[in-house]
Amino acid sequence: MLLRDERDALCAIGWRLAGTGLVTGASGNVSVRSGDLVAVTPGGMMLDRMEPADCPVVNIEGRWVDGDKAPSSETPMHLALYEATPAAAIVHTHSTYGAVVATTMSELPPIHYNTLLLGGVVKVAEYATYGTPELAENVRTAMAGGKRAALMANHGGVTIGRDLEEAYENARLLEWLCGVYVRAKAIGEPRILTEEELAEVVERGWRRPTSPRVT
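Residues numbered from 1 in each chain as written. Predicted model: local features only at pLDDT ≥ 70, side-chain atom pairs only at ≥ 80, totals over all residues. Heavy atoms only, no water.

## Focus: the overall build of the chain
For step 1, the next point in the chain: Broken down by element type, the chain carries six helices and nine strands.
For step 2, the next point in the chain: In summary, the chain has a C-alpha radius of gyration of 17 Å against a globular reference of 17 Å for 215 residues, a match within 12%.
For step 3, the next point in the chain: In terms of overall dimensions, the chain has C-alpha extents of about 50 × 35 × 30 Å along its principal axes.
For step 4, the next point in the chain: Going through the 215 residues of the chain one by one, you find that 48% of them count as buried.
For step 5, the next point in the chain: For the chain, the exposed area adds up to about 10,000 Å²; of that, 52% sits on carbon and sulfur atoms.
For step 6, the next point in the chain: One way to put it: in the chain the 20 positive side-chain charges average out to a point 4 Å from where the 27 negative ones average out. (Helix = DSSP H or I, 4+ residues; strand = E, 2+ residues; numbered from the N terminus. Rg over C-alpha atoms; globule rule 2.2 N^0.38 Å. Buried < 20%, exposed > 50% of the residue type's maximum accessible area, 1.4 Å probe, protein only. Areas by Shrake-Rupley, 256 points an atom, 1.4 Å probe, with all protein chains shown as cover. Lys, Arg positive; Asp, Glu negative; His and termini not counted. Charge placed at Lys NZ, Arg CZ, Asp CG, Glu CD.)

## Describing the pattern of salt bridges
For step 1, the next point in the chain: Applying the stated criterion across every chain, the model contains twelve salt bridges.
For step 2, the next point in the chain: Put simply, Asp36 and Arg33 hold a salt bridge, and the shortest N to O gap is 3.9 Å.
For step 3, the next point in the chain: Residue Asp36 is classed as exposed on the basis of its relative accessible area, which comes to 53%.
For step 4, the next point in the chain: Take Arg33: its relative accessible area is 28%, and that puts it in the partly exposed class.
For step 5, the next point in the chain: Two residues, Arg140 and Glu137, come together in a salt bridge whose shortest N-O distance is 2.9 Å. On the criterion of helical spacing, the pair formed by Arg140 and Glu137 is a turn pair, its members being three residues apart in helix α4 (residues 133–142). (Salt bridge = Lys/Arg side-chain N within 4 Å of Asp/Glu carboxyl O.)

## Observations regarding the environment of Arg172
For step 1, the next point in the chain: Along the polypeptide, Arg172 turns up in helix α5 (residues 164–187).
For step 2, the next point in the chain: Assessed through its relative accessible area of 37%, Arg172 is described here as partly exposed.
For step 3, the next point in the chain: Once the C-alpha coordinates of Arg172 and Ser95 are considered, the two residues, 77 residues apart in sequence, prove to be 9.3 Å apart.

## Digging into the side chain of His155
For step 1, the next point in the chain: Looking at the element boundaries, His155 is found in the loop between β8 (149–152) and β9 (156–161).
For step 2, the next point in the chain: The class of His155 is buried, set by a relative accessible area of 13%.
For step 3, the next point in the chain: Engagement of the side chain of His155 in a polar contact is seen with the side chain of His92, the distance being 3.2 Å.
For step 4, the next point in the chain: In contact with His155, not counting residues within four places along its chain, are Glu74, His92, His94, Ala99, Ala102, Tyr130 and Leu135. (Polar contact = N/O pair within 3.5 Å; in protein donor to acceptor, adjacent residues only side chain to side chain. Contact = heavy atoms within 4.5 Å.)

## Some thoughts on the packing of aromatic side chains
Both the distance between ring centres and the angle between the ring planes are used here to describe each pair of aromatic rings.
For step 1, the next point in the chain: Counted according to the given criterion, the structure contains zero aromatic pairs.
For step 2, the next point in the chain: The ring of Tyr168 has Arg16 lying over it, and the distance from NZ or CZ to the ring centre is 4.3 Å. (Phe/Tyr/Trp six-rings, centres within 6.5 Å; stacked < 30°, edge-to-face > 60°. Lys NZ or Arg CZ within 6 Å of the ring centre and 35° of its normal.)

## A closer look at the pairing of β8
For step 1, the next point in the chain: Every second residue of β8 is oriented toward a common face, with Ala149 and Leu151 on one face and Ala150 and Met152 on the other, all of them buried.
For step 2, the next point in the chain: Across two bridges, strand β7 (residues 122–125) lies against β8 in parallel orientation. Within β8, the residue paired with Ala125 across the bridge is Met152.
For step 3, the next point in the chain: Note: β8 against β9, four bridges, orientation antiparallel. Residue Ala149 lies in a different strand from β9, and its bridge partner there is Thr159.
For step 4, the next point in the chain: Connecting β8 to the antiparallel partner β9 that follows it, the hairpin turn spans three residues, and Asn154 within it adopts a positive phi of roughly 55°. (Pairing = 2+ DSSP bridges.)

## What about the sheet that holds strand β6 (residues 107–108)?
For step 1, the next point in the chain: The sheet built from nine strands is open, its strands ordered β4-β3-β2-β1-β5-β9-β8-β7-β6 with mixed pairing. For this open sheet the edge positions go to β4 (64–66) and β6, each flanked by a neighbour on one side alone.
For step 2, the next point in the chain: Here five bridges tie strand β5 (residues 89–93) to β9, and the two strands are oriented antiparallel to one another. Bridging across to β9, Thr93 finds its partner in Gly157.
For step 3, the next point in the chain: Running at roughly 160° to β7, α4 makes contact with β7, β8 and β9 of the sheet. (Axes fitted to C-alpha atoms, helices over the stretch in contact; angles between N-to-C directions.)

If you want it as structure tokens, here you go:
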């Protein structure tokens, strides 16, 4: 079986995404890159019911290489991000607060300095039908400039990482930041950190940890 370890890891992350509520049912998808090959979750299958053999493998051009099941319909978006970023893994979710922000905002402003872990202000990619080249291009545009996360209008969120663990943790952080913003809006207007305040955080020796955590 090609990329056995990577397919095992996809299943483990899929189970965790479902367990934490970042995905429900067959929504969301995950991929991991190894050289010119990409293991991706299958289309239309609940992530907490996957087995390694269920996860197909495609090459970086999108040609089906191994596996019995069809790749996720969002595979074009994953491949576009692998082309445009240094990502080695990608997580796409339909998380609740992420979807709320993606439905109402053009960006998630920096309400906490841990926004820096995602590359700063999180952009909301313009709406396009799921699985289309248009959506892939819109997400690639939203992730430009070293971003590690984006939201998709009326859809969900996507995060990248140097490995699956980091992409997963970035997805958790994105949902946490969206949740803080939505809850803050319920009691008042959230205070947004300025560029100067964020720069001061960096100047104090802030560094991106290997596995980001909310502190």
